[in-house]
Amino acid sequence: MRAITISAPGGPEALTVTEVPRPAPGSDQLLVRVHACGVNRADLLQRMGRYPAPPGAPQNIPGLEFAGAVEVVGRPDLGWEVGERVMGIVAGGGYAEFVVIPAAQALRVPERVSLEEAAAVPEAFVTAHDALVHRASLRAGERVLVHAVGSGVGLALLQLAKVAGATVAGSSRTTQKLERAEALGLDRAILVEGPFTPPDDLCDWADVIGDLVGGRYLPGNLMAAAPRGRIVVIGLTGGRTSEIDLGRLLVKRVTLVGTVLRTRSSEEKSALAQSFAATVLPLFDQRKVSPVLDRVFPASAASEAHRYMEENRNFGAIVLSWQAG
């Protein structure tokens, strides 16, 4: 099969189309013919040699999410049929024509969602669902602040928070992205040009903060957090380290928690997939949430897709398609 492989750690030019062995499914797995796969910041870091795949995942094939059709079912009692549309998260290897995934972690593609759109669902929406529901225990009527709201995960956080009955503020370094997010329901737009400092009226405001930036945003997050607020760190595009005012953390009784899906156990991933399937997947066919696609690149143009993301040009998801020209 063909796969997009990393020839050596480096820039986007390190990505090449290569023939590699097709994976074989185990008895509890599905073999999936991939139609499209999502591009994520973690893929860029893996390509640069800064975020190796966990043990057991391909080290030279990036890709965390995919959508396609079931090619082989490991055994008859797994509840899947050959040809069914499927999407999911993998620890690596998503940039390939075939992937294997435990059947318990596979998700059915909603009827109203195309396979290109579905490739942008698992990583963004499962991450957002986990952050809001399982990490932050979001309740109706609460106020949510989302950093990097124009990213794929940011837009998923926005949509799921609105469905839950929350008021949502969002930050971005780009006015155009904020304007487009407002069209999707964003209640308050915040343009950030350096370290995040909340406006006066947003101090002590946010019950939940979904932070996809990290780094220098943490001090501002503590200022923006309401008493007993919950800060969920999801991404680190702004850096891995930050100073923290422990006094403010204590006085406000703020909960600070991090989350990542890639390194979790198979049991945790299965439980999260089942929770997501029961509570979030129906929202797609009800048109209450939807993936936001920025661009679909041919798989052969993976280097161009990586450059596009590195330049922060996307609003929403970037997808690679094996079917595009």
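Residues numbered from 1 in each chain as written. Predicted model: local features only at pLDDT ≥ 70, side-chain atom pairs only at ≥ 80, totals over all residues. Heavy atoms only, no water.

Participant: Honestly, the nonpolar core in this entry has me stumped. Any pointers?
Facilitator: Buried together is how nonpolar side chains tend to be arranged in soluble globular proteins. Counting 52 residues, the largest nonpolar core has Met87, Phe125, Val144, Leu157, Leu160, Phe276 and Phe284 as its most contacted members. Per-element accounting of this core gives the leading share, 7 residues, to helix H4 (residues 152-163). Ignoring any residue separated from it by four or fewer positions in sequence, one finds phenylalanine 276 in contact with Leu107, Val121, Phe125, Val126, His129, Leu281 and Phe284. (Core = buried A, V, L, I, M, F, W, Y, C linked by side-chain atoms within 4.5 Å. Buried < 20%, exposed > 50% of the residue type's maximum accessible area, 1.4 Å probe, protein only. Helix = DSSP H or I, 4+ residues; strand = E, 2+ residues; numbered from the N terminus. Contact = heavy atoms within 4.5 Å.)

Participant: What is the right way to look at the sheet that holds strand S11 (residues 206-211) in this model?
Facilitator: Remark on secondary structure: sheet strands pair via backbone hydrogen bonds, oriented parallel or antiparallel. Sheet architecture is open: 6 strands sit in the order S10-S9-S8-S11-S12-S13, paired in parallel fashion. Looking at the sheet topology across the chains shown, the edges are occupied by strand S10 (188-191) and strand S13 (255-258). The sheet shows a mean angle of 15 degrees between the axes of neighbouring strands, direction not considered. Across 3 bridges, the pairing between strand S8 (residues 143-147) and S11 is parallel. Following the sheet pairing, valine 146 is matched in S11 by glycine 210. (Pairing = 2+ DSSP bridges. Axes fitted to C-alpha atoms, helices over the stretch in contact; angles between N-to-C directions.)

Participant: Looking at this model, I keep getting lost on the layout of surface pockets. Mind explaining?
Facilitator: Any empty space left between the atoms is revealed when a probe the size of a water molecule rolls over them. Considering only enclosed or pocket space, the second largest pocket measures out at about 490 Å³ in volume. Lining the second largest pocket are 28 residues, with Gly56, Pro58, Val90, Gly92 and Val100 positioned closest to its centre. If you list the elements that add at least two residues to the lining of the second largest pocket, you get strand S6 (98-102) and helix H8 (266-279). Across the lining of the second largest pocket, the residue classes break down as 17 nonpolar, 8 polar and 3 charged. (1 Å grid on protein atoms, 1.4 Å probe; cavity = no way out; pocket = protein on both sides within 12 Å on 5 of 7 lines; lining within 4 Å. Points joined across faces, edges and corners; volume = space filled by probe spheres on them. Nonpolar A, V, L, I, M, F, W, Y, C, P; charged D, E, K, R; others polar.)

Participant: Is there a simple way to think about the environment of asparagine 40 in this case?
Facilitator: Topologically, asparagine 40 is positioned in the loop between strand S3 (29-39) and helix H1 (41-47). Judged by its relative accessible area of 15%, asparagine 40 is buried. Within the structure, asparagine 40 has its side chain in polar contact with the side chain of glutamate 65 (distance 3.0 Å). (Polar contact = N/O pair within 3.5 Å; in protein donor to acceptor, adjacent residues only side chain to side chain.)

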